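Each chain is listed here by its residues.
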Amino acid sequence: MIRTLAALSLLFAATAAAAQRAAPAPRVSPQQQQRLAALGAELGRCHRAAAVRLARSRLTPPQIADRAMAECAPREAAIRQALGRAIGAGRAQNVLQAQRGHWRRTIVTIVQQSRFTR
């Protein structure tokens, strides 16, 4: 459970860090930040649930990451839409592209931890 919480906290922190690394542009209001944080938390829970469920299969961790990302794509679309309204579609796409790599690595880590603890 502690590992799960640590992985989720890293996921949320990386989302914020990726958004901060981008070039200065329109500010995100506190309400938009809260909405994006809630959407990010929902996406993180989706990724984790898919990773843990699929960890029992014979799929490799990268294959599981691909499937988890595909399963959670509607939640990512909601983030893309909200972020696009806040900072612009082009910047949102750049931020999310960088973030997908982090999400993929986090899913692989969750799968490996899940398999190790069985």
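See above for the structure.
Keep in mind that what you see is a predicted model, and the values were worked out from it rather than measured.

Q: Explanation requested: the overall build of the protein in the structure shown.
A: Looking only at helices and strands, one finds five helices and zero strands in the protein. Mapped from its N terminus to its C terminus, the protein presents α and β elements in the order α-α-α-α-α. Counting every position in the protein, which comprises 118 residues, the buried fraction comes to 38%. Counting only contacts in the protein whose residues sit at least 6 apart along the sequence, the fraction spanning at least 24 positions is 77%. Summed over all atoms, the accessible surface of the protein reaches about 7,100 Å², with 58% contributed by carbon and sulfur.

Q: It is not clear to me how the pattern of salt bridges should be interpreted in this structure. Could you clarify?
A: Charged atoms that come close allow side chains of opposite charge to pair. Scanning all chains against the criterion turns up five salt bridges. Of the charged contacts in the structure, one is a salt bridge between Arg75 and Glu42, with a shortest N-O distance of 3.2 Å. Residue Arg75 is found in helix H4 (residues 73-87), and its partner Glu42 is found in helix H2 (residues 30-54); the two are separated by 33 residues along the sequence. Residue classification places Glu42 among the partly exposed positions, given a relative accessible area of 35%. The shortest N-O distance in the salt bridge between Glu76 and Arg100 comes to 2.5 Å. Here Glu76 is found in helix H4, whereas its partner Arg100 is found in helix H5 (residues 89-116), with 24 residues between them in sequence.

Q: How should the packing of H4 against H5 be read in this particular structure?
A: For the pair H4 and H5, interaxial distance at closest approach is 8 Å and the crossing angle is 140°. Put simply, H4 runs oblique to H5. The two elements H4 and H5 cross, and the hand of that crossing is right-handed. Side by side, H4 and H5 meet where Glu76, Ile79, Arg80, Leu83, Gly84 and Ile87 of the first sit next to Ala89, Arg91, Ala92, Gln93, Val95, Leu96, Arg100 and Trp103 of the second. Partitioning the contact of H4 with H5 into residue classes produces eight nonpolar, two polar and four charged.

Q: What exactly am I supposed to notice about the nonpolar core here?
A: Nonpolar side chains in soluble globular proteins generally cluster together in the buried interior. Grouped together as the largest cluster of nonpolar side chains are 27 residues, with contacts concentrated most on Ile79, Leu83, Ile87, Ile107 and Val111. Element by element, the count of residues in this core is highest for H5, at eight residues. Not counting chain neighbours up to four residues away, the residues in contact with Ile79 comprise Leu36, Leu39, Gly40, Leu43 and Leu96.

Cut-offs used in this document
Residues numbered from 1 in each chain as written. Predicted model: local features only at pLDDT ≥ 70, side-chain atom pairs only at ≥ 80, totals over all residues. Heavy atoms only, no water. Helix = DSSP H or I, 4+ residues; strand = E, 2+ residues; numbered from the N terminus. Buried < 20%, exposed > 50% of the residue type's maximum accessible area, 1.4 Å probe, protein only. Contact = heavy atoms within 4.5 Å. Areas by Shrake-Rupley, 256 points an atom, 1.4 Å probe, with all protein chains shown as cover. Salt bridge = Lys/Arg side-chain N within 4 Å of Asp/Glu carboxyl O. Axes fitted to C-alpha atoms, helices over the stretch in contact; angles between N-to-C directions. Parallel < 35°, antiparallel > 145°, perpendicular 65-115°, else oblique. Left-handed = near helix turned anticlockwise from the far one by under 90°. Nonpolar A, V, L, I, M, F, W, Y, C, P; charged D, E, K, R; others polar. Core = buried A, V, L, I, M, F, W, Y, C linked by side-chain atoms within 4.5 Å.

Honestly, it's all geometry; don't read function into it.
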